[in-house]
Amino acid sequence: MQFAIELTNVQAEMDGEEWHVDFTLAVKPGEFVLLVGPGRSGKGMLLKLCVGLVEPAQGTVRVLDHDLATLDDEGLSELRQRIGVVLPQPGLRSNMTLYTNVCLPLVYHQGIDEEDLRPRVMPVLEALGLAPLQKRFPAQLTAGEARCAALARALVMDQQLLLLDEVMAGLDAEMVARVDRVLTAYRRAHPVTILATLHNPSPLLEHADRIAFIRQGRIEAMGPYADMAKTSDTALQVYLGSGLGGGLGSRLAS
Amino acid sequence: MIGWLGQRTIDGYLYLTDLSAHVYVTLRELISPGRQGRWAALRVTLRQMLFTGVDALPVISAIALMLGLIVITQAGTQLPKVGGEGLIGSIIVVVIIRELGPLLTAFIVIGRSGTAITTELGNMRVAQEITALELIGIRVSRYIIMPRVVAVVLSMVCLMFYFDAVAVLGGFIIARIKLTIPFHVFAQAVAQSLSLVDVLVTAAKGMLFGTAVAVICCHHGLLVRSSYTEVPQQTTTAMINSVTICLVLDILVTVTAYF
């Protein structure tokens with residue numbers, strides 16, 4: 001597999017906007033690519049295109065060696081079992097506890113027994129600081145905790161590809177640090193490709209292999225963080241946290 | 001006027017096509033060889049049967065008793081006046097077992113479970129739970145629709161027979177205070193009037209009504225898009241359409257079986 005994700009001249013309508021998205025992007029297996037840019041710029045749309053939630057009007061989307069246009073419902077469901085997705089709205093089942101929500105993909109797809117579930121799920125919950133909340137229902141969680149639970153649900157299946165849409169939004173400083181640690185450790189342990197979006201500076205920026213700046217449905221700049229941080233584009237500087245004086249690390253620390 | 005009529009016909013045709021697609025998908029999921037998610041779907045089915053079937057027993061019992069009391073009291077007091085004591089069995093079989101029993105059971109299931117299904121699925125849609133399920137590779141047809149259709153069909157069939165039994169036997173016991181007909185005469189009259197066709201037709205109605213109610217209510221729940229205010233609107237539409245389609249199916253089955 002040459003690319004984990006390959007979008008070629010992909011065009012799609014953007015709800016409520018006069019412009020449409022137009023993406024060409026290739027992400028290698030094991031690569032970590034961050035999409036930054038303003039809200040409603042098409043970052044979330046790009047992730048939805050990659051997971052088949054939105055069909056492109058034009059162009060081809062290949063994910064994990066599959067052309068999404070050629071997949072039927074069953075094929076798409078099978079492919080999605082290899083992709084972990086976190087959307088801005090976590091979509092946890094409201095009648096299940098946090099623990100059963102995280103276990104759901106394992107129980108459904110692999111039929112794993114309760115005794116085998118705990119050793120697989122608890123380390124993820126503990127790493128994300130969710131273990132004390134495992135018996136709570138989604139309505140009893142904060143937005144950040146619910147998003148972390150959705151991330152835990154995406155991580156327990158050992159997927160080959162993670163698509164994380166604004167995974168850091170609504171998290172407190174401790175949670176941000178925990179998610180950063182968990183994703184770094186996960187990348188070290190698994191050969192996973194990550195495509196994530198951000199609309200605020202975050203420690204993830206420095207861990208990404210490449211950063212793509214998206215504006216009005218187009219990738220305007222792309223490269224490693226060190227190169228991107230040198231940009232003179234003030235709009236991009238804001239999203240990289242380099243336009244406010246000082247380095248990203250010092251500002252985040254402060 | 002002709003344009004409006006044409007549009008309504010096209011809408012109705014598309015609506016029935018959508019419902020038929022849900023029925024097809026449910027049947028395909030039931031017989032498909034894939035074992036993935038079978039246990040999870042079975043758990044959803046059992047939970048839905050508990051709610052639709054077992055939890056409905058008290059209200060079904062109360063309504064069946066009241067209906068039985070009314071029909072048996074009327075038949076038992078009015079028929080002797082015109083020398084029609086011999087018709088009491090036929091009246092009870094025709095009124096309760098063939099028609100009112102299945103229809104009232106369907107209406108109770110629509111009011112209790114059908115509305116609950118539409119509301120639940122509508123809320124799940126708005127909260128993006130359905131999208132999240134699809135994104136973790138869980139097919140909505142297997143995990144959401146098929147278990148509910150199976151559970152409602154099985155519950156509906158069982159509840160119809162239960163309703164008939166409670167209405168006829170319980171209704172008689174209560175009406176006994178006023179009636180002079182001995183139980184064995186009453187039971188014999190009902191047994192003689194009841195045929196195998198009546199039992200089979202009741203089972204057929206249970207399956208048809210159950211499928212219609214579950215599919216319509218799931219369909220309208222999944223039609224909700226982005227706002228919680230759509231949920232009660234879709235629930236009302238699901239309820240009205242379920243009642244209408246159950247009545248149409250009842251007419252079709254009755255005409256086919258007894259005409």
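Our structure is the block above this text.
Summary of the structure given here.

Reading guide: rules and limits
Residues numbered from 1 in each chain as written. Chains lettered and ligands numbered in written order. Predicted model: local features only at pLDDT ≥ 70, side-chain atom pairs only at ≥ 80, totals over all residues. Helix = DSSP H or I, 4+ residues; strand = E, 2+ residues; numbered from the N terminus. Rg over C-alpha atoms; globule rule 2.2 N^0.38 Å. Contact = placed C-beta atoms within 7 Å. Buried ≥ 20, exposed ≤ 12 C-beta atoms within 10 Å, placed from the backbone. Axes fitted to C-alpha atoms, helices over the stretch in contact; angles between N-to-C directions. Parallel < 35°, antiparallel > 145°, perpendicular 65-115°, else oblique. Left-handed = near helix turned anticlockwise from the far one by under 90°. Nonpolar A, V, L, I, M, F, W, Y, C, P; charged D, E, K, R; others polar. Expected span 1.5 Å × (residues − 1). Core = buried A, V, L, I, M, F, W, Y, C linked by C-beta atoms within 7 Å. Pairing = 2+ DSSP bridges.

Focus on the overall build of chain A
Part 1: Helix and strand counts for chain A come out as 10 helices and 10 strands.
Part 2: By the compact-globule yardstick of 18 Å for 254 residues, chain A fits well, its C-alpha radius of gyration being 18 Å.
Part 3: The C-alpha extent of chain A, read off along each of the three principal axes, is 55 × 50 × 35 Å.
Part 4: Sequence separation of 24 or more characterises 68% of the internal contacts of chain A that already satisfy a separation of 6 or more.

Quick word on the overall build of chain B
Part 1: Across its full length, chain B carries nine helices and zero strands.
Part 2: Beginning at the N terminus, the succession of helices and strands in chain B can be written as α-α-α-α-α-α-α-α-α.
Part 3: By principal-axis analysis of the C-alpha atoms, chain B measures approximately 65 × 50 × 35 Å.
Part 4: The burial tally for chain B puts 42% of its 259 residues in the buried class.
Part 5: A separation threshold of at least 6 residues defines the contact pool for chain B, and within that pool the share at least 24 residues apart is 89%.

Some points on the packing of helix 4 (residues 88-126) of chain B against helix 8 (residues 196-223) of chain B
For any two helices packed against each other, one specifies the crossing angle of their axes together with the interaxial distance.
Residues and elements named next belong to chain B.
Part 1: One can describe the packing of helix 4 onto helix 8 by two numbers: an axis separation of 8 Å at closest approach and a directional angle of 20°. By the angle between their axes, helix 4 is roughly parallel relative to helix 8. Taken as a pair, helix 4 and helix 8 cross one another with a handedness that is right-handed.
Part 2: Each residue belonging to the contact of helix 4 with helix 8 can be placed in one class, and the counts come to 15 nonpolar, seven polar and five charged.

Remarks on helix 5 (residues 143-155) of chain A
All names here are of chain A.
Part 1: Its 13 residues place the ends of helix 5 18 Å apart at the C-alpha level, agreeing with the 18 Å of an ideal helix rising 1.5 Å per residue.
Part 2: The element helix 5 is largely enclosed, with a buried count of 11 among its 13 residues.
Part 3: Of all the residues in helix 5, the buried ones are E145, A146, R147, C148, A149, A150, L151, A152, R153, A154 and L155.
Part 4: On the buried face of helix 5, the contacting elements are strand 6 (83-86), helix 3 (98-110), helix 4 (114-127), strand 7 (161-165) and helix 6 (173-189).

Regarding the nonpolar core
Part 1: Core analysis: the largest hydrophobic core is formed by 140 residues, its most contacted members being L34, C50, L151, A152 and L163 of chain A together with I92 and V213 of chain B.
Part 2: The leading source of residues in this core is helix 6 (residues 140-175) of chain B, at 19 residues.

A closer look at the packing of helix 4 of chain B against helix 9 (residues 230-258) of chain B
Residues and elements named next belong to chain B.
Part 1: Running from amino to carboxyl end, helix 4 crosses helix 9 at an angle of 150°, the nearest separation of the two axes being 9 Å. When the axis of helix 4 is compared with that of helix 9, the two are roughly antiparallel. As for the relative orientation of helix 4 and helix 9, their crossing is right-handed in sense. Residues P102, L103, A106, F107, I110, G114, T115, T118, T119, G122 and N123 of helix 4 form the contact with helix 9, whose participating residues are E230, V231, Q234, T235, A238, M239, S242, V243, C246 and D250.

Let's talk about the pairing of strand 7 of chain A
All names here are of chain A.
Part 1: Counting buried residues along strand 7, five of its five residues qualify, which places the element largely inside the surrounding structure.
Part 2: Of the two faces of strand 7, both are covered, the one formed by L161, L163 and D165 as well as the one formed by L162 and L164.
Part 3: As paired strands, strand 6 and strand 7 are joined by four bridges and run parallel to one another. In the sheet register, V85 faces strand 7, and the bridge partner there is L163.
Part 4: Bridge analysis of strand 7 against strand 8 (residues 193-198) gives five bridges, and the strand direction is parallel. Considered in strand 8, the bridge of L163 is made with L195.

Comments concerning the interface of chain A and chain B
Part 1: Contacts between the two partners involve 19 residues from chain A, matched on the other side by 14 residues from chain B.
Part 2: Those elements that provide at least two residues to the side of chain A that touches chain B are helix 2 (73-80) and helix 3 of chain A.
Part 3: Looking at the side of chain A that touches chain B residue by residue, the classes come out as seven nonpolar, seven polar and five charged.

Things to note about the sheet that holds strand 3 (residues 32-36) of chain A
Residues and elements named next belong to chain A.
Part 1: Taking strand neighbours across the sheet as the criterion, the six strands line up as 6-7-8-3-9-10 in an open arrangement whose pairing is mixed. Each end of this open sheet is capped by a strand with a single partner; those strands are strand 6 and strand 10 (218-223). Going from strand to strand, the sheet's axes swing by 15° on average, the running direction of each strand aside.

A word on the sheet that holds strand 4 (residues 58-63) of chain A
In any sheet, the strands associate via hydrogen bonds between backbone groups, in a parallel or an antiparallel arrangement.
All names here are of chain A.
Part 1: Across the sheet, which stays open at both edges, the four strands sit in the order 2-1-4-5 with antiparallel pairing between neighbours. Two strands in the sheet have a free side with no partner beyond their single neighbour: strand 2 (20-27) and strand 5 (66-67).
Part 2: In this sheet, strand 4 lies alongside strand 1 (residues 5-13) in antiparallel orientation, the contact comprising five bridges. Within strand 4, the position partnered with E6 by the bridge is R62.
Part 3: Along the sheet face, helix 1 (residues 43-50) touches strand 1, strand 2 and strand 4 and points at about 115° away from the line of strand 1.

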